[in-house]
Amino acid sequence: MGDWTHWGHLAARYQEPRPRKLLALDGGGIRGILTLEILNEIERQLRQELNRPDLLLCEYFDYIGGTSTGGIIAAGLACGMTVAELITFYRKAGPEMFSRANLLRRLKNLYKSGPLEAELMRVFGEHTDLSSEKLRCLLLVVTRNATTDSPWPISSNPDAKYNAHSRPDCNVRIPLWKLVRASTAAPIFFPPEVVSWDEKNPDKTFVFVDGGVTPYNNPALLLYRMATTPEYKLGWRTGEEQLLLISVGTGAAPTVDLDIVTDRNAVSNLTGLPSALMYGAMVDQDTTCRTIGRCVAGPLLDREIGDLVCRAPLTENQGRLMTYARYNADLSVAGLMSLGLGEIPSEAVQSLDAVDRIDDLRRIGQAVARQQVSLGKQFGEKWLSRS
């Protein structure tokens, strides 16, 4: 890339090749509050390790990507919000974003402004788009275009093909708050969102649903690909010393219910589909990242392959494509008991719209952070000496 003028204030940060750091955030509805508690500990430890008490995650991570609720968090972080500010936002707006009680009203107001839209515009800015000076790092939001029946990963990368300002349907012109709103449209639970890419061309108006029903509910592998594959116009170098990817989940547990294959009716089966799809995608993407990367942290995958964590000294390069860490909660009964939270009902906190369990989800996230996140031990000076 030779011309950096269209990168604006980000040009100085990105034009020189250097090791890069990625942050990927899963989908999972209101369970995003759990993610935020893990991020809160990551932010705290980074500030301590780097001796920068006011460090923002957008200053440490070069590219932040998320799906569904992870896209909302990613957008906030990329705009320079602290984790504490996002926790406050979720506590205030979470019930509006993720409660099924609002379903009929949101369907009625599909093409109108409402309380949720007003809150999103207040937080992200009515006119903030992906080319805005407000963005402090690169951002990826994973959506699903139901009109074209395809995943739509929308990146702020100024050099990306569909971000060219000469295009009437240029991605970067879409208001950020609209992309965030589309990220809350989980099928069955919430109505779809309609976004116009080119107001002069009705063929460029699309219906969006939650990116969690793509293979990228866990967007870690997609984010890695978009950062390193030359066709995406970044082409960042791979290698354990060149690329760090931290992936944070929203909590998960396999659903074992024989009713699904026996006498449960069709409607009941459908309401279980989003969680089942998200769980399967999450495991698959995480396993692939641990396979191609040097995994330094991650909970058990299964009893056959274990956790795939590399326990060789950090100074010994294993020849992998990146350094990788995965933090997530096991929301099963056994998983909650291992966190010392056996009194929390497992089934209740697994729902995408468990808005009445925000405090329990925060406690789970805090416990996971204490148990799993140890940046100094897991990364050492290799990544904690670089701001």
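Reference entry: report on the structure contained in this document. Quantities reported herein were computed from a predicted structural model and do not represent experimental measurements.

Conventions used here
Residues numbered from 1 in each chain as written. Predicted model: local features only at pLDDT ≥ 70, side-chain atom pairs only at ≥ 80, totals over all residues. Heavy atoms only, no water. Salt bridge = Lys/Arg side-chain N within 4 Å of Asp/Glu carboxyl O. Helix = DSSP H or I, 4+ residues; strand = E, 2+ residues; numbered from the N terminus. Buried < 20%, exposed > 50% of the residue type's maximum accessible area, 1.4 Å probe, protein only. Core = buried A, V, L, I, M, F, W, Y, C linked by side-chain atoms within 4.5 Å. Contact = heavy atoms within 4.5 Å. Axes fitted to C-alpha atoms, helices over the stretch in contact; angles between N-to-C directions. Left-handed = near helix turned anticlockwise from the far one by under 90°. Nonpolar A, V, L, I, M, F, W, Y, C, P; charged D, E, K, R; others polar.

1. Digging into the pattern of salt bridges
Any two side chains of opposite charge can pair, on the condition that their charged atoms come close.
And then number 1: Per the stated rule, a full pass over the model turns up 23 salt bridges.
And then number 2: With a shortest N-O distance of 3.2 Å, Arg-20 and Asp-62 are connected by a salt bridge. Of this pair, Arg-20 sits in strand S1 (residues 20-25) while Asp-62 sits in the loop between helix H3 (57-60) and strand S2 (63-67), and the two are 42 residues apart along the sequence.
And then number 3: Look at Asp-62 and you get buried, because its relative accessible area is 0%.
And then number 4: We note a salt bridge from Arg-52 to Glu-59, for which the minimum N-O separation is 3.4 Å.
And then number 5: We classify Glu-59 as partly exposed; its relative accessible area is 26%.

2. Side note on the nonpolar core
And then number 1: Ranked by internal contacts, the top residues of the largest apolar core, which has 110 residues, are Leu-39, Ile-42, Tyr-327 and Ile-364.
And then number 2: Of the residues forming this core, the biggest block, eight residues, is contributed by helix H5 (residues 83-98).
And then number 3: Ignoring any residue separated from it by four or fewer positions in sequence, one finds Tyr-327 in contact with Ile-38, Ile-42, Ile-246, Ser-247, Val-248, Gly-249, Ala-297, Gln-372, Val-373, Leu-375, Gln-378 and Phe-379.

3. Quick look at unusual backbone geometry
And then number 1: With phi around 55°, Asp-149 is a residue other than glycine that occupies positive phi space.
And then number 2: Mapped onto the fold, Asp-149 is located in the loop between strand S3 (138-145) and strand S4 (150-155).
And then number 3: Non-glycine residue Lys-233 carries a positive phi angle of around 70°.
And then number 4: Mapped onto the elements, Lys-233 comes out in the loop between helix H9 (220-228) and strand S7 (243-248).
And then number 5: Here Lys-233 falls in the partly exposed class, since its relative accessible area comes to 42%.

4. What to know about the packing of H5 against helix H13 (residues 358-372)
And then number 1: With their axes 12 Å apart at the nearest point, H5 and H13 run at an angle of 150° to one another. Relative to H13, the crossing made by H5 is right-handed. Here Ile-87, Tyr-90, Arg-91 and Pro-95 of H5 come into contact with H13, specifically with Ile-358, Asp-359 and Arg-362.
And then number 2: Taken together, the residues that form the contact of H5 with H13 break down as four nonpolar, no polar and three charged.

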